[in-house]
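Listed below are the residues making up each chain.
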Amino acid sequence: MPGPYRWRKRVEGHFCRWTMPREAILDLLTRTSQHLTAKEIYASLLQLYPGIGLTTVYRTLDLLEKSGLIKKFNFGRGENRYEFASENKPHHHHLICTKCGQIIDYSDFANEELELVKKTAKHLAEKYKFIVHDHNIEFYGLCQQCQKRQ
Ligand SMILES: [Zn+2]
Ligand SMILES: [Zn+2]
Ligand SMILES: [Zn+2]
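Here the structure is a predicted model, which means the values were calculated and not measured.

## Brief notes about the overall build of the protein
Item 1. Counting secondary structure elements, the protein contains five helices and five strands.
Item 2. Listed N to C, the secondary structure of the protein is α-α-α-β-β-β-β-α-β-α in terms of helices and strands.
Item 3. Among the 150 residues that make up the protein, the fraction classed as buried is 12%.
Item 4. Contacts in the protein between residues at least 24 apart in sequence constitute 50% of all its contacts with a sequence separation of at least 6.

So, in structure tokens, the structure goes:
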């Protein structure tokens, strides 16, 4: 293999190592409606990119979250879960089944909820001098399937 070509290959390899995980993770999260853990993301990327490491996945998720491209949640089951965050995606809240772990996105009552959230945020700002930037609403219970199984 001639010299320059080998050099180019090496740079490409280096380049891919840093930008590939970002692209791959974003691509995966835009194509799924699920809320995935780092390990689930790692497992599904591994098929396409055998060289990827779990540490890289964690680090990339951290970066993507800080830049606002994805959202991190902890639904009370230990591991953090991630989902794609976009202005095009309707603002939504979560229903979490404590039995099967199913996570349902809903945005049906967004306007009413947002009104209450804004009012609460205003009161909090007055009482605690706290500026609210974001909120997260989660309801825990049993999904329809789990109710039937009881
Ligand atoms: Zn909300
Ligand atoms: Zn369930
Ligand atoms: Zn969601």
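So that's the structure; there's more coming.
## A look at the pairing of strand E3 (residues 93-97)
Item 1. As judged from the four bridges shared by E3 and strand E4 (residues 103-106), these two strands associate in the antiparallel manner. Bridge pairing links Ile96 to Ile103 in E4.
Item 2. Here E3 folds back onto E4, and the loop between the two strands holds five residues, one of which, Gly101, carries a positive phi near 80 degrees.

## What about the sheet that holds E3?
Item 1. Here three strands make up an open sheet; going across it, the order is E4-E3-E5 and the pairing mixed. Each edge of the open sheet carries a strand with a single partner, namely E4 and strand E5 (138-141). Put simply, the sheet's adjacent strands are angled 20 degrees from each other on average, direction ignored.

## Re the confidence of the model for the protein
Item 1. Looking at the protein, the pLDDT average stands at 86 and 87% of residues meet or exceed 70.
Item 2. The low-confidence segment residues 1-5, where pLDDT is below 50, has one contact with residues more than four positions distant or belonging to other chains.

## Concerning the nonpolar core
Item 1. Grouped together as the largest cluster of nonpolar side chains are 13 residues, with contacts concentrated most on Ile41, Leu61 and Ile70.
Item 2. Counting residues per element, this core draws most heavily on helix H2 (residues 38-48), at four residues.
Item 3. Leave out the neighbours within four places in its chain, and Ile70 touches Leu29, Leu61, Leu64, Glu65, Tyr82, Glu83, Phe84 and Ala85.

Cut-offs and rules
Residues numbered from 1 in each chain as written. Chains lettered and ligands numbered in written order. Predicted model: local features only at pLDDT ≥ 70, side-chain atom pairs only at ≥ 80, totals over all residues. Helix = DSSP H or I, 4+ residues; strand = E, 2+ residues; numbered from the N terminus. Buried ≥ 20, exposed ≤ 12 C-beta atoms within 10 Å, placed from the backbone. Contact = placed C-beta atoms within 7 Å. Pairing = 2+ DSSP bridges. Axes fitted to C-alpha atoms, helices over the stretch in contact; angles between N-to-C directions. pLDDT = per-residue confidence, 0-100. Core = buried A, V, L, I, M, F, W, Y, C linked by C-beta atoms within 7 Å.

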